Amino acid sequence: MLGESSAKYILKGRSRMAKTAVLYTPKYLNHDPGPTHPESPKRLEAVMEELNHSGLLEAGECSLIEPKRASIDDLKLVHEPDYIQLVEGYCASGGGLLDLGDTTVSPRSFETARLAVGGALEAVNLVMNKRFENAFALVRPPGHHAGPYYAMGFCLFNNIAIAATHLLKGLNTNRILIVDIDAHHGNATQEIFYDTNRVLYISLHQDPTEFPGTGFIDETGKGDGLGYTVNIPFPFRINDQAYLKAVNQIVVPIIQQYRPQIILVSLGFDGHYTDPIASLSLSASCYLETFSNMLNLASQFCTGKLVAVLEGGYSLDYIGKMAAAIVAKMAGVSYALRDKAPAVSGQVRKQAENVIKEVRTVQSSFWDL
Ligand SMILES: [Zn+2]
């Protein structure tokens, strides 16, 4: 059993400071949305298999840490008590469909989702307490579509939003950056922080018209939060060139001006060209370059403090390799991954150029671009 073999690496205590914490428990496999559901336990099995196979967890720069489950009070940082009870009740009565779409729960999903929140919380605590420079919460179910009173898009509780809200309670934490590089817009994360300037939310995603219906260029925040939401909605099937241009011309300069105290990354791998449910055509190399930018910015502004929280990514052929490459990048060790995205049509390239131009125009009222 993979879960058991990976458990041997889980540390109860450490004798030596490693750079990167990987938060994981085999209990994350207990959430079972059904045999044909894309958000399958096989995703994390593939990740752990590659982490074990590559030897990254034995390299000395990474520590695998088993998180505790979040308390109900932790969930209430973002979610309504009635909604929390609803999820618990559904699971206790055997599970079923939690929304009008495809967010399904099984008897053990409530506990698993609490452990996912616990993974994100422990990741930020380990980094803020300087026990690790950075951390990757390898959790499921994912979180960025789950709002205060609703489940959506395979997400039950908003792991990264709860972690950010927990950080906001700390003294002197006033500039938290969330960069969302899942293929889909993080509708709920945006909603939760839409009216605050204490969290800057930047999302690069595919055309959100069909799902989730938010994430358009003119959604820029409100009240104190005006200018602290940045949406870059790409046309379907764009590949690396346009994506990295947006990262370099929009995302990086805005982050440099915001000067975050910690960088949180909603890390979904479903932008990869092999993903079976999303519609971008990015290569693994594009993900790594984007992520390297975030690590560099974290070094520049917040002594390296960066926490990645797993969101989507449904290509079982690639999720393991991509997650391992990210862990290696975080820990500063080598991991070979060669990958090239398919070519993109001239029309899509042109549409992407227009999106970048329009985002720059809109965001120029808030940032020097
Ligand atoms: Zn996604």
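Conventions adopted
Residues numbered from 1 in each chain as written. Predicted model: local features only at pLDDT ≥ 70, side-chain atom pairs only at ≥ 80, totals over all residues. Heavy atoms only, no water. Core = buried A, V, L, I, M, F, W, Y, C linked by side-chain atoms within 4.5 Å. Buried < 20%, exposed > 50% of the residue type's maximum accessible area, 1.4 Å probe, protein only. Contact = heavy atoms within 4.5 Å. Axes fitted to C-alpha atoms, helices over the stretch in contact; angles between N-to-C directions. Helix = DSSP H or I, 4+ residues; strand = E, 2+ residues; numbered from the N terminus. Parallel < 35°, antiparallel > 145°, perpendicular 65-115°, else oblique. Left-handed = near helix turned anticlockwise from the far one by under 90°. Nonpolar A, V, L, I, M, F, W, Y, C, P; charged D, E, K, R; others polar. Donors = N, O, S within 2.8 Å, 3.2 Å for Na, K, Ca; no water. Pairing = 2+ DSSP bridges. Right-handed = clockwise from strand over helix to strand, strands pointing away. 1 Å grid on protein atoms, 1.4 Å probe; cavity = no way out; pocket = protein on both sides within 12 Å on 5 of 7 lines; lining within 4 Å. Points joined across faces, edges and corners; volume = space filled by probe spheres on them. Salt bridge = Lys/Arg side-chain N within 4 Å of Asp/Glu carboxyl O. Polar contact = N/O pair within 3.5 Å; in protein donor to acceptor, adjacent residues only side chain to side chain.

1. A word on the nonpolar core
Phase 1 of the analysis: Residues Phe-136 and Phe-157 are the most contacted members of the largest nonpolar core, which totals 126 residues.
Phase 2 of the analysis: Each residue touching Phe-157, except ones within four places of it in the same chain, is listed here: Leu-75, His-79, Tyr-83, Ile-84, Val-87, Phe-110, Ala-113, Val-117, Pro-142, Gly-143, Ala-146 and Ile-162.

2. Section: the packing of helix 5 (residues 109-128) against helix 6 (residues 159-168)
Phase 1 of the analysis: Interaxial distance between helix 5 and helix 6 falls to 9 Å at its minimum, and their mutual angle equals 40°. Classified by the angle between their axes, helix 5 and helix 6 sit oblique to one another. Between helix 5 and helix 6 lies a crossing whose hand is right-handed. Between helix 5, through Ala-113, Ala-116, Val-117, Ala-120, Leu-121, Val-124, Asn-125 and Met-128, and helix 6, the contact on the second element is made entirely by Asn-159, Ile-162, Ala-163, His-166 and Leu-167.
Phase 2 of the analysis: For the contact of helix 5 with helix 6, the per-class residue count stands at 10 nonpolar, 3 polar and no charged.

3. Here's the deal with the coordination of the zinc ion
Phase 1 of the analysis: Only Asp-182 (OD), His-184 (ND1) and Asp-270 (OD) from the protein reach the zinc ion as donors, at distances of 2.0 to 2.1 Å.
Phase 2 of the analysis: Sequence spacing of the donor residues for the zinc ion, all on one chain, is D-x1-H-x85-D. Taken together, the positions of Asp-182 in the loop between strand 7 (176-180) and helix 7 (187-192) and Asp-270 in the loop between strand 10 (262-267) and helix 9 (284-302) put the pair 88 residues apart, joining distant regions of the chain. The exposure classification of Asp-182 matches that of Asp-270, with both residues buried.

4. Some details on the pairing of strand 10
Phase 1 of the analysis: Burial analysis of strand 10 places 6 of its 6 residues in the buried class, which makes it a mostly covered element.
Phase 2 of the analysis: Residues Ile-262, Leu-264 and Ser-266 line one face of strand 10 and the alternating positions Ile-263, Val-265 and Leu-267 line the opposite face, and both faces are buried.
Phase 3 of the analysis: Bridging between strand 7 and strand 10 involves 5 bridges; their strand directions are parallel. Residue Leu-177 lies in a different strand from strand 10, and its bridge partner there is Ile-263.
Phase 4 of the analysis: Handedness of the strand 10-helix 9-strand 11 (residues 306-310) crossover: right-handed.

5. What to know about the packing of helix 8 (residues 240-258) against helix 9
Phase 1 of the analysis: Running from N to C, helix 8 and helix 9 cross one another at 10°; their axes reach a closest spacing of 10 Å. Taken together, the axis directions place helix 8 and helix 9 in an arrangement best described as roughly parallel. Taking contact as the criterion, the partners of Asp-240, Tyr-243, Leu-244, Val-247, Asn-248, Val-251, Val-252, Ile-255 and Gln-256 in helix 8 are, on helix 9, Cys-286, Glu-289, Thr-290, Asn-293, Met-294, Leu-297, Gln-300 and Phe-301.
Phase 2 of the analysis: Across the contact of helix 8 with helix 9, the residue classes tally to 10 nonpolar, 5 polar and 2 charged.

6. Topic: empty space enclosed by the protein
Phase 1 of the analysis: Here the structure, examined in full by the defined rule, presents 1 cavity of 30 Å³ or more.
Phase 2 of the analysis: Estimates place the volume of the largest cavity at around 30 Å³.
Phase 3 of the analysis: Together, His-31, Pro-33, His-37, Glu-39, Asp-102, Thr-103, Thr-104, Phe-154 and Leu-156 line the largest cavity.
Phase 4 of the analysis: The residue inventory of the lining of the largest cavity, partitioned by class, reads 3 nonpolar, 4 polar and 2 charged.

7. Overview of the pattern of salt bridges
Phase 1 of the analysis: Considering all chains together, one arrives at 5 salt bridges under this definition.
Phase 2 of the analysis: For Arg-69, the salt bridge identified is with Glu-111, shortest N-O distance 2.6 Å. Of this pair, Arg-69 sits in the loop between strand 3 (62-65) and helix 3 (72-75) while Glu-111 sits in helix 5, and the two are 42 residues apart along the sequence.
Phase 3 of the analysis: Judged by relative accessible area, which is 34%, Glu-111 ranks as partly exposed.

8. Brief notes about unusual backbone geometry
Phase 1 of the analysis: Cis rather than trans, the peptide bond between Arg-140 and Pro-141 has omega equal to 0°.
Phase 2 of the analysis: By the secondary structure assignment, Pro-141 is in the loop between strand 6 (134-137) and helix 6.
Phase 3 of the analysis: The linkage connecting Phe-211 with the following residue, Pro-212, adopts the cis geometry, with an omega of 0°.
Phase 4 of the analysis: Structurally, Pro-212 can be placed in the loop between strand 8 (199-206) and strand 9 (229-234).
Phase 5 of the analysis: Backbone geometry at Lys-130 places phi at a positive 65°, although glycine is not the residue there.
Phase 6 of the analysis: Note that Lys-130 resides in the loop between helix 5 and strand 6.
Phase 7 of the analysis: Taking the relative accessible area as the measure of exposure, Lys-130 reaches 61% and is therefore exposed.
Phase 8 of the analysis: A positive phi is found at Thr-303, a non-glycine position, where the angle reads about 40°.
Phase 9 of the analysis: One can find Thr-303 in the loop between helix 9 and strand 11.

9. Overview of the environment of Pro-81
Phase 1 of the analysis: Tracing the chain through its elements places Pro-81 in helix 4 (residues 81-92).
Phase 2 of the analysis: C-alpha of Pro-81 to C-alpha of Pro-148: the two residues are 67 residues apart in sequence and 9.2 Å apart in space.

10. Quick look at the side chain of Arg-43
Phase 1 of the analysis: Its place among the elements puts Arg-43 in helix 2 (residues 41-54).
Phase 2 of the analysis: A polar atom in the side chain of Arg-43 sits 3.0 Å from the backbone oxygen of Glu-311.
Phase 3 of the analysis: Every residue in contact with Arg-43, bar those within four places of it in the chain, is listed here: Pro-38, Arg-140, Leu-310, Glu-311, Gly-312, Gly-313, Tyr-314, Leu-316 and Ile-319.

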